[in-house]
Amino acid sequence: MNTSRSDRKRKRTKKRRKTLYIFLLLLFLCVVGYAGYLYFFADHILSKSYESDGREKSDYREKVVDPSKDNVSVLIIGVDESKTRENLGGFRSDTLILATLNKKEHSVKMLSIPRDSYVHIPEVDYKTRINHAYARGGVPSTIKTVENLLDIPVDYYVKVNFEAFIDVVDALGGITVDVPYEIYEQNSKDIDQAIHLKPGKQQLNGEEALALARTRKQDNDIERGKRQQDIIKAIVKKSVSLGSVFKYDDLLGAVGGNMKTNMTFGEMKSFISYGLEGDIQFDTLTLAGSDYWKGKAYYYQLDEKSLEDTKKILKDHLKL
């Protein structure tokens, strides 16, 4: 009788092990299959996002960089492509953030450049607001202006419109950020006061996050830049979390038609691995300045010492 019970127990144990092995095998196949699907889907989607900026490399580089081993810079260009902006005479950059990545330190420095900054635009050879560089010559003109301003290379650019921003945040299931004060702001369709946010740490959807990123009614462009940096950090943190793994296809779909970049798919994979290697140290930078009126036109006059200090920080981070 005891032998029979023992045999039955061993059979049940073997059956459980067999079931577990089958489950693990199926799980493994599902993960591999999903990874393979993501790879080919990403290749298909992101390859369509590629748009050359007309350069093999930056004029500020002696040779072509490799993001898998070199320190590089990325210029994030947020463009307002709404009907309202088109009717006002053309698209302009609404957001300019330069990020430098240091491989050894596993760190990122993000500099927000106020859109009203009074700078020299090489494309037209005169000084005006930096966001006019995009209207005067698109991405190439914007890159050249930023390089001229900061005296460092812009290796890569990523241009996104408001739709991409909204869709990415929504694909992640929202992001958690701290809203500094009560906000009434227009939405992406330019409907006035369509978004209402109360102060405090909270979960925001895409439209709400965009409203927080755009508003500057109660402060200024410097604080606006800080909020945009916090939002980008929240997006990166959520993107590389384990819970977002099965949302990557939605993320890819979100950026597919609303993003342009000079990164190849292979180069993008280097940046993805950068985020998955562990915690990234983020440092945020701003450019000090003051209000400047030229006739009836408002500009943000950059402080020369602050600008020189920032140049040095970025050059040191890139090891130039």
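Scroll up a little and you will see the structure.
A brief structural summary. (Residues numbered from 1 in each chain as written. Predicted model: local features only at pLDDT ≥ 70, side-chain atom pairs only at ≥ 80, totals over all residues. Heavy atoms only, no water.)

## Here's the deal with the side chain of Thr-142
Logical step 1: Checked against the element boundaries, Thr-142 lands in helix α3 (residues 132-150).
Logical step 2: Residue classification places Thr-142 among the buried residues on the basis of a relative accessible area of 1%.
Logical step 3: One polar contact links the side chain of Thr-142 to the main-chain carbonyl oxygen of Gly-138, over a distance of 2.9 Å.
Logical step 4: If sequence neighbours within four positions are ignored, Thr-142 has contacts with Leu-75, Ile-77, Leu-96, Ala-133 and Tyr-134. (Helix = DSSP H or I, 4+ residues; strand = E, 2+ residues; numbered from the N terminus. Buried < 20%, exposed > 50% of the residue type's maximum accessible area, 1.4 Å probe, protein only. Polar contact = N/O pair within 3.5 Å; in protein donor to acceptor, adjacent residues only side chain to side chain. Contact = heavy atoms within 4.5 Å.)

## Observations concerning the packing of aromatic side chains
Logical step 1: Per the counting criterion, the structure on display carries 4 aromatic pairs.
Logical step 2: Their ring planes at 50 degrees and their centres at 5.3 Å tell us that Tyr-118 and Tyr-292 sit as a pair that is tilted. Residue Tyr-118 is found in strand β4 (residues 118-121), and its partner Tyr-292 is found in strand β13 (residues 289-294); the two are separated by 174 residues along the sequence.
Logical step 3: With relative accessibility at 11%, the residue Tyr-118 sits in the buried group.
Logical step 4: Note on Tyr-292 and Tyr-299: the rings are 6.1 Å apart at their centroids and 40 degrees apart in plane angle, and the pair reads as tilted.
Logical step 5: Accessibility expressed as a relative area gives 9% for Tyr-299, which makes it buried.
Logical step 6: An aromatic cluster is present here, built from Tyr-118, Tyr-292 and Tyr-299 joined pairwise through their rings.
Logical step 7: If you follow Arg-129 out to its NZ or CZ, it ends over the ring of Tyr-299, 4.9 Å from the centre. (Phe/Tyr/Trp six-rings, centres within 6.5 Å; stacked < 30°, edge-to-face > 60°. Lys NZ or Arg CZ within 6 Å of the ring centre and 35° of its normal.)

## A word on the environment of Gly-266
Logical step 1: As for its placement among the helices and strands, Gly-266 is situated in helix α8 (residues 265-276).
Logical step 2: Each C-alpha atom of the pair Gly-266 and Pro-67 lies 9.7 Å from the other, and the pair is 199 residues apart in sequence.

## Here we look at the sheet that holds strand β2 (residues 92-102)
Logical step 1: Ordered in space as β11-β6-β1-β2-β3-β12, the 6 strands form an open sheet in which the pairing is mixed. If you trace the sheet from one side to the other, it starts and ends with β11 (259-261) and β12 (281-285), each paired once. On average, each strand axis in the sheet is tilted by 20 degrees relative to the strand beside it, whichever way the strands run.
Logical step 2: Where strand β6 (residues 156-161) and β11 come together, 3 bridges link them in antiparallel fashion. (Pairing = 2+ DSSP bridges. Axes fitted to C-alpha atoms, helices over the stretch in contact; angles between N-to-C directions.)

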